[in-house]
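Residues per chain, in single letters:
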Amino acid sequence: MAFAGRLGWSALSLGVFVALWWIVALVVDSRLLPDPPTVVRALVVAAETGELIFNLLITLARVAASFAIAMLIGSALGILLGLSRTADRLLSPWVVLFLNLPALVIIILAYVWFGLNESAAILAVAINKIPNVAVTLREGAVALSRDLAEMARIYRFGRWKTLRHVILPQLAPFFAAAARSGLALVWKIVLVVELLGRPNGVGFELQSSFQLFDVATILAYALAFGMIVQAIELGLIQPWERAANRWRR
Amino acid sequence: MTAVSIEIRAKTFPAAGGAPARPLYADFKLDVADRSFTALLGPSGLGKTTLLNLIAGVDRDFEGRVSFSREQPRIGYAFQSPRLLPWRTVLENVTLPLPKTAGTLTRARGLLTEMGLGDAADVYPERLSLGMQRRVALARAFAVEPDLLLMDEPFVSLDEANADRLRDLLAELIARRPTTVVFVTHDSREAVRLADRLVVLAGPPVRIEQDVAVTLTPEQRAMPGEIDRFRQTALGLTRGAVA
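Residues numbered from 1 in each chain as written. Chains lettered and ligands numbered in written order. Predicted model: local features only at pLDDT ≥ 70, side-chain atom pairs only at ≥ 80, totals over all residues. Heavy atoms only, no water.

1. A short note on the overall build of chain B
Spelled out, the test is: Here a strand is any run of E in DSSP of at least two residues, a helix any run of H or I of at least four, and the numbering for each starts at the N terminus. Our radius of gyration looks at C-alpha atoms and nothing else; its globule reference is 2.2 Å times the residue count to the power 0.38. The rule is simple: take the accessible area with a 1.4 Å probe, protein chains only, and divide by the maximum for that residue type; under 20% is buried, over 50% is exposed, in between is partly exposed. Any two residues whose heavy atoms approach within 4.5 Å are treated as being in contact. Calculation of accessible area relied on Shrake-Rupley with a 1.4 Å probe; when residues are assessed, cover is drawn exclusively from the protein chains displayed.
A count of helical and extended segments in chain B gives eight helices and nine strands. Over its C-alpha atoms chain B spans a radius of gyration of 18 Å, differing by no more than 12% from the 18 Å that the globule rule assigns to 243 residues. Considering only C-alpha atoms, chain B reaches an extent of 45 × 45 × 35 Å along its principal axes. Taking all 243 residues of chain B together, 52% fall into the buried category. Considering only intrachain contacts with a sequence separation of at least 6, the fraction spanning at least 24 residues in chain B is 68%. As displayed, chain B has an accessible area near 11,000 Å², and 53% of this comes from carbon and sulfur atoms.

Right, dumping it as structure tokens:
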């Protein structure tokens, strides 16, 4: 009931957005602001040639790879910073430095130093994301309960049980936060990386369309990709979060 | 089934937030007999919890030694707060410290049923009342079949009726499976009701002010009048005294 209600409001809100867009497009009447049917036609054309699916899959693969690397390294680093004061003092300035380094600088340097190849692209995206994950997970590690750690020690849980039943559940909300903000950041940066140095993917297609001033195709790709990211959020992240939180009152 | 010998040459509470370091223990010695029930009495903030943590081995920052009559005794610890894992069910909380063997699950379920928690086995702890959470913590401490049971005011902040039920339950469990118990409390009625030895602490630094054997029979322990009479004669506390 509540879910249906939320869905209804979302549909209404999006409907108003599309209507406004349509009205403005009709008033302006320019090739640079196509109306919704034109964008849908561009989407169908791109889909029929198979280019849309191919580019979306390539981009998604890059998002998945760099997201996984960033979450893995960022979490490990963040937990280390949260648990070891020495590590925090030593590495914190680096984290702040990388946190504030513009994404573009990292991308250009990665391409210059490692060549215009796939590994450089994925590495550049991951490096952009790692500091965010590390900062979030550091908060989580600092807040770990000492009471529960003592309990686990007295009852001889051992390393694996302690990690699985005591530590990771406490970090779950921080993983979820890092994953959500991470997904949003990673897929935006992946497009930039593709635009600058890859011969395929959504970013590359946007670049080609930009040179032709083909705004309809640009919007078609943005629409398709936006829907996929929304689907990941609704179908993957939110159900996992609900499952991880079912013990809460 | 363990005797414990505690010798603390020095234990200081580290300086924190501008307050200077203060000595908690200096040349303190306490021997606890095998299968005895020792109640440690004394005002709050004296360092009774610290003593339990030294025995349990989670606080190693002291000079001295804690030795047991057997190697690596299994320890059950009922903390001041229940310290359950909120993201694991009641049953999982009880079975996690246990080795994974075929009988574990059945035994844990049996213990929970005995303690009146049979219906709560698959519930998450935060959905239970504090009294029930304490019972789960007690079940966890007993499930490991401890050689040494440490209890830190396990019935504090419960209403009297609930606390009394839990005290009866504890006495019953110990009668069935005798073990060495060190029980911290500031409630001398509770101590007389349960323990066979009262150690009254004062300080700082902590010293043993009184060390009394409780000679009441199980029947006498069930009678509030007898408990008060014993407190009066053995501890010099009057009937109306709160401690």
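2. With respect to the nonpolar core
As a rule of thumb, soluble globular proteins bury nonpolar side chains together. Residue and element names in this part refer to chain B. Going by this rule: Here, the term nonpolar core denotes a set of buried Ala, Val, Leu, Ile, Met, Phe, Trp, Tyr and Cys residues that are joined through side-chain atoms within 4.5 Å. Domain ranges listed in this record stem from an automatic or a database domain assignment.
In terms of nonpolar packing, the biggest core is built from 89 residues, with Leu150, Phe155, Leu170 and Leu198 touching the most fellow members. For this core, the domains that each give at least three residues are domain 1 (4–74 + 146–235) and domain 2 (82–145). Once residues within four sequence positions are removed from consideration, Leu170 is found in contact with Phe37, Phe142, Leu149, Met151, Phe155, Phe183 and Leu194.

3. Some remarks on the sheet that holds strand S9 (residues 207–213) of chain B
Residues and elements named next belong to chain B. Selection criterion: One requirement defines pairing of two strands: DSSP has to find at least two bridges between them. To obtain an axis, a line is fitted to C-alpha atoms, over the contacting stretch when the element is a helix, and the angle between two such axes runs from 0 to 180 degrees between their N-to-C directions.
The six strands are arranged S5-S6-S7-S3-S8-S9 in an open sheet whose pairing can be described as mixed. Looking at which strands have only one partner, the edges of the open sheet turn out to be strand S5 (75–78) and S9. Strand-to-strand twist in this sheet, taken as the mean axis angle between neighbours without regard to direction, amounts to 15 degrees. The pairing of strand S3 (residues 37–41) with strand S7 (residues 180–185) spans five bridges and is classified as parallel. Within S7, the residue paired with Thr38 across the bridge is Val182.

4. Focus: the interface of chain B and chain A
Buried accessible area, meaning the area lost when the parts come together, often serves as the stated size of an interface. Note the cut-off: Accessible surface is computed with a 1.4 Å probe, and the buried area is the amount of it that two parts give up when combined, taken over both parts together. Salt bridges are counted wherever a side-chain nitrogen of Lys or Arg sits within 4 Å of a carboxyl oxygen of Asp or Glu. We call two N or O atoms a polar contact when they sit within 3.5 Å, provided that within protein one can donate a hydrogen and the other can accept it, with sequence-adjacent residues counted only if both atoms are side-chain atoms.
Contacts between the two partners involve 28 residues from chain B, matched on the other side by 19 residues from chain A. Carbon and sulfur atoms supply 57% of the area buried between chain B and chain A, which totals about 2,300 Å² over both sides. Looking only at chain B, the three residues that lose the most surface to chain A are Val58, Arg83 and Trp87 of chain B, adding up to 29% of its buried area. The interface formed by chain B and chain A holds two salt bridges in total. Arg83 of chain B serves as the salt-bridge partner of Glu150 of chain A, at 3.0 Å between the closest nitrogen and oxygen. Applying the counting rule to chain B against chain A returns 10 residue pairs in polar contact (both at pLDDT 80 or more). Sorting the residues of the side of chain B that touches chain A by element identifies helix H1 (48–56), S5 and helix H4 (130–143) of chain B as the ones contributing at least two each. Sort the elements by how many residues they give to the side of chain B that touches chain A and S5 of chain B lands first, with three residues.

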